[in-house]
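Read off the chains here:
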Amino acid sequence: MKISDTVKEQLASVLEHINDNEYCNLYKYVPSIKKEEIGTVFNTIPAITKEVLRSHSGNLSHYPESKVRYLSSEFDPEYANRLFLFPQLLDAPWMLLNELLKKRDAVVAILSIPLFWQVGPFFYNTCKKNGVPMSVISPRNLPLARQVIKEVEAQAVTGTPEAADSLYGLLSEENIGNQIHTWHLIVPFGENPEIPILPGNVLIEYHVFPGVPIGHTSPELLRENPYSFIPSPEYFFEIDNGTCFITSLESHALPFIRLEIGRNAEKITREGKEIVSIKEYVS
């Protein structure tokens, strides 16, 4: 398996992070692997699935409680029976949101995502680091979101495609539909919702768990290939016989080590960028 030296170093660091971790024994079966061995033996590490994470009886955080917060592991409260607390470092950056706020110079940012997902602190900390005031509003109260946007001249919205579509309709009634120049749409990985037509910059970000983004796409790329997306630099995307696994390239509070996310997968190069295409998802 061909892996760049930079990625080998990152993988070696993450493997060191999980080996003999005093806070979590999830990966006690993973052997210690030297950097120079990664290219030949990394794909022999047993893969895990979401079901393995759900069934793990111990703590999943690889850091002390004082350094983490917890997210919901499910997008839909109907599946509360399989929910577990997903740990996230308190200072974890939301990478794509961070880039969008810097590039677009937002005055005020709005988050309208189901509160059940527990991603408000993730959003707040990223906005705070960029000096961008923010507001969290339930998608069940979009008239309030419209009023806030109108009064404070918000320019960026992070939300579900459904919430964004309804909110844009409400804003258009006030003739301020074009005020939002950045639409950051969050989609559960594996779902294929209808993406509304919105003005300005529109990016669709896929989360494998709420608050855990693994890649993004655009309306243009989505039209070309509904199965493809640009992978997040936080993960190593490995495709073995058509099966896609992801491994953390950073010492996350819950690192993924060969997490199986899809089948019938391939890597594509488009305009010099690596794109991953997955036609069958693993829930």
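Once a new chain begins, its residue numbering starts again from 1 and follows that chain's sequence as written. Only residues with pLDDT of 70 or above have their local features reported here, since the model is predicted, and side-chain atom pairs are shown and tallied only from 80 upward, although totals for entire chains, interfaces and linings are computed over all residues. For the side-chain quantities, the full set of heavy atoms in the structure was used; hydrogens and water were omitted.

## Section: the packing of aromatic side chains
A ring pair, where both rings are aromatic, is described by two values, the distance of the centres and the angle of the planes. To keep things clear, this is the line we draw: Between 30 and 60 degrees the pair is tilted, below 30 it is stacked and above 60 it is edge-to-face, where a pair is any two Phe, Tyr or Trp rings, Trp via its six-membered ring, whose centres lie within 6.5 Å. Think of it this way: any DSSP run of H or I at least four residues long counts as a helix, any run of E at least two long counts as a strand, and we number them from the N terminus. Three labels apply to residues, based on accessible area from a 1.4 Å probe with only protein chains included: buried if under 20% of the type maximum, exposed if over 50%, partly exposed otherwise in between.
Considering all chains together, one arrives at 17 aromatic pairs under this definition. Here Phe 75 and Trp 117 contribute two aromatic rings whose centre-to-centre distance is 5.1 Å and whose plane-to-plane angle is 85°, an arrangement assigned as edge-to-face. You can see Phe 75 sitting in the loop between strand E1 (68-72) and strand E2 (85-89) and its partner Trp 117 sitting in the loop between strand E3 (109-112) and helix H5 (120-129), a full 42 residues away along the chain. Both residues of the pair, Phe 75 and Trp 117, belong to the buried class. Measuring from centroid to centroid gives 5.7 Å for Phe 84 and Phe 209, while their planes differ by 70°, and the two rings are edge-to-face. A residue pair is termed long-range when its members are at least 10 positions apart, and Phe 84 in the loop between E1 and E2 and Phe 209 in strand E7 (residues 201-209) qualify at 125 residues.

## Let's talk about the pairing of strand E5 (residues 156-159)
Our working definition: Strands pair, by our definition, only if DSSP identifies at least two bridges between them. Whether a crossover is right-handed depends on one test, that the path from the first strand over the helix to the second runs clockwise when the strands point away from the viewer.
Here E5 shows a buried face lined by Ala 156 and Thr 158 and a second buried face lined by Val 157 and Gly 159. Sheet topology places E3 next to E5; 4 bridges connect them, and they run parallel. If you follow Ile 110 over to E5, its bridge partner there is Val 157. Two strands pair when backbone bridges link them, and E5 and strand E6 (residues 182-188) are joined in this way by 4 bridges, in the parallel orientation. Of the residues in E6, the one forming a bridge with Val 157 is Trp 183. Handedness of the crossover is the feature at issue here: the chain leaves E5, passes through helix H7 (residues 161-173), returns alongside E6, and the resulting connection is right-handed.

## Topic: the sheet that holds E6
To keep things clear, this is the line we draw: As a rule, the C-alpha atoms of each element are fitted with a line to give its axis, helices using only the stretch in contact, and angles between N-to-C directions run from 0 to 180 degrees. Contacts: residue pairs with any heavy atoms within 4.5 Å of one another.
Taken in spatial order, the 11 strands of this open sheet run E4-E3-E5-E6-E7-E8-E9-E13-E12-E11-E10, and their pairing is mixed. Looking at which strands have only one partner, the edges of the open sheet turn out to be strand E4 (134-136) and strand E10 (235-240). Looking at each pair of strands side by side, their axes are set apart by 35° on average, direction ignored. Sitting on the sheet, H5 touches E3, E4, E5 and strand E8 (212-217), and the angle it makes with E3 is about 170°. In this fold H7 packs onto E3, E5 and E6, with an angle of close to 150° to the strand it touches most, E6.

## A look at the pattern of salt bridges
The cut-off we apply is this: Here a salt bridge means any side-chain nitrogen of Lys or Arg lying within 4 Å of a carboxyl oxygen belonging to Asp or Glu.
Counted under the stated rule, the structure contains 11 salt bridges. Salt-bridge contacts for Glu 238 lead to Arg 258; the nearest nitrogen and oxygen are separated by 2.9 Å. You can see Glu 238 sitting in strand E10 and its partner Arg 258 sitting in the loop between strand E11 (243-248) and strand E12 (259-270), a full 20 residues away along the chain. We note that Glu 238, like Arg 258, is buried. Residues Arg 263 and Glu 280 are paired through a salt bridge, measuring 3.8 Å at the closest nitrogen-oxygen approach.

## A short note on the environment of Gln 147
Along the chain, Gln 147 falls in helix H6 (residues 142-152). With 36 residues separating them in the primary sequence, Gln 147 and Trp 183 have C-alpha atoms 17 Å apart.

## So, the packing of H6 against H7
Keep this limit in mind: Each angle is binned into one of four classes, with values under 35 degrees roughly parallel, values over 145 roughly antiparallel, values of 65 to 115 roughly perpendicular, and all other values oblique. Note on convention: near helix rotated counterclockwise from far helix by under a right angle means a left-handed crossing. Clockwise means right-handed. Each residue is assigned to one of three groups, with Ala, Val, Leu, Ile, Met, Phe, Trp, Tyr, Cys and Pro labelled nonpolar, Asp, Glu, Lys and Arg labelled charged, and all others, Gly among them, labelled polar.
Running from N to C, H6 and H7 point in directions that differ by 55°, and their axes come no closer than 9 Å. By the angle class used here, H6 and H7 are oblique. Relative to H7, the crossing made by H6 is right-handed. Contacts between H6 and H7 pair Leu 142, Pro 143, Ala 145, Arg 146 and Ile 149 from the former with Ala 163, Ser 166, Leu 167, Leu 170, Leu 171 and Glu 173 from the latter. Partitioned by chemical class, the residues of the contact of H6 with H7 number 8 nonpolar, 1 polar and 2 charged.

## With respect to a negative patch on the surface
Quick reminder of the rule: For patches, a residue must show more than 30% relative accessible area and have no salt bridge; joins then use 9 Å for like charges and 5 Å for nonpolar side chains, namely Val, Leu, Ile, Met, Phe, Trp and Tyr. Shrake-Rupley sampling with a 1.4 Å probe provides the accessible areas, and residues are treated as covered by the protein chains on show and by no other component. For the charge count, each Lys or Arg is scored as positive and each Asp or Glu as negative, with His and the chain ends excluded. The location of each charge is read from NZ of Lys, CZ of Arg, CG of Asp or CD of Glu.
Judged by side-chain charge, Glu 162, Asp 165, Glu 191 and Glu 194 come together as a negatively charged surface patch. Examined against the element boundaries, Glu 162 turns out to sit in helix H7.

## Thoughts on unusual backbone geometry
Backbone geometry places Asn 175, a non-glycine residue, at a positive phi of 60°. On the basis of relative accessible area, Asn 175 is assigned to the exposed category, the value being 73%.

## Section: the pairing of E8
Burial within E8 is extensive, with 6 of its 6 residues counted as buried. Bridge count for E7 against E8 is 5 bridges, and the pairing is antiparallel. Note that in E8 the partner of Phe 209 across the bridge is Val 212. Hairpin remark: E7 followed by E8, antiparallel, with 2 residues in the connecting loop; positive phi at Gly 211, about 80°. Pairing geometry for E8 and strand E9 (residues 228-231), over 2 bridges, is antiparallel. The partner of Gly 215 across the bridge, within E9, is Pro 231.

## Some words on the environment of Pro 226
Relative to the helices and strands, Pro 226 is located in the loop between helix H8 (219-224) and E9. C-alpha of Pro 226 to C-alpha of Asn 192: the two residues are 34 residues apart in sequence and 8.0 Å apart in space.

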